[in-house]
Each structure stands twice: as C-alpha cells, then as structure tokens.
Amino acid sequence: MIKRADILVLGLQAAGFGGLVGGMLLFTGMNLVIGGQNAGWLLMLGAAPVTGGIGLLLARRLARRLGL
C-alpha cells in the first residue's frame, strides 16, 4: 500500500535532484553559449528531459519497492 509519506518523499527527492541537475546543466550551457561555443546549446536543451528523467527513475524505484 502506498503511504502518503512515500509520495511526499518521492516528490521532494525528484524536485531536489531534478532541480540541482537541471540547474547545473542550464548554468554550464549558458556559460558555454555566452563564451561563444555552440556546444552549450546541447546542454541547455537537454536540461529539461534530464530533470524529468530523474523523477521517472525515482517513481520506478518506488513502484518496484512497493511491488507494483
């Protein structure tokens, strides 16, 4: 049975890890673009899917632990 605490922890972990990783990718990509290197666009465009992917991995881990 899924408890409210499990969902709360999952949301907090996904937001925390996703925000940190996505923010770092965005920051690094912007610095590269401002510095004149076009490779920074790849990091900037990949920041959102990576952030969502972290939430997906955490949700799968919770589902596997609960036997769903």
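Criteria and thresholds
- Residues numbered from 1 in each chain as written.
- Predicted model: local features only at pLDDT ≥ 70, side-chain atom pairs only at ≥ 80, totals over all residues.
- Heavy atoms only, no water.
- Helix = DSSP H or I, 4+ residues; strand = E, 2+ residues; numbered from the N terminus.
- Rg over C-alpha atoms; globule rule 2.2 N^0.38 Å.
- Contact = heavy atoms within 4.5 Å.
- Core = buried A, V, L, I, M, F, W, Y, C linked by side-chain atoms within 4.5 Å.
- Buried < 20%, exposed > 50% of the residue type's maximum accessible area, 1.4 Å probe, protein only.
- Expected span 1.5 Å × (residues − 1).
- Bend = angle between axes of the 7 residues up to and from the residue.
- Axes fitted to C-alpha atoms, helices over the stretch in contact; angles between N-to-C directions.
- Parallel < 35°, antiparallel > 145°, perpendicular 65-115°, else oblique.
- Left-handed = near helix turned anticlockwise from the far one by under 90°.

Draft legend 1. A look at the overall build of the chain. A tally of regular secondary structure across the chain gives two helices and zero strands. Relative to the globule expectation of 11 Å for 68 residues, the C-alpha radius of gyration of the chain, 15 Å, shows a markedly less compact shape. Along the longest, intermediate and shortest principal axes, the C-alpha atoms of the chain span 50 × 15 × 10 Å. Contacts in the chain between residues at least 24 apart in sequence constitute 61% of all its contacts with a sequence separation of at least 6.

Draft legend 2. Structural view of the nonpolar core. Membership of the largest hydrophobic core is limited to five residues, which are L10, A14, I54, L58 and L62. At three residues, the largest contribution of residues to this core is made by helix α2 (residues 40-66). What L58 contacts, discounting residues up to four positions off in sequence, is L10, Q13, A14 and F17.

Draft legend 3. Quick look at α2. Its 27 residues give α2 an end-to-end C-alpha distance of 40 Å, which sits within 8% of 39 Å, the value for a rise of 1.5 Å per residue. Of all the bends in α2, the greatest, near 40°, is centred on A47, and the proline P49 appears no more than four residues after it. Among the residues making up α2, those that are buried are G40, M44, A47, I54, G55, L58 and L62. Summarising the contacts, the buried residues of α2 are in contact with α1 (4-34). Positive backbone phi, approximately 80°, marks G67, located one or two places after α2.

Draft legend 4. The packing of α1 against α2, seen in detail. Remark: α1 packs on α2, axes separated minimally by 8 Å, with the N-to-C direction vectors making an angle of 165°. For the element pair α1 / α2, the angle class is roughly antiparallel. Like other packed secondary-structure pairs, α1 and α2 cross with a definite hand, here right-handed.

Honestly, that's just the spatial picture; any functional story needs more than this.
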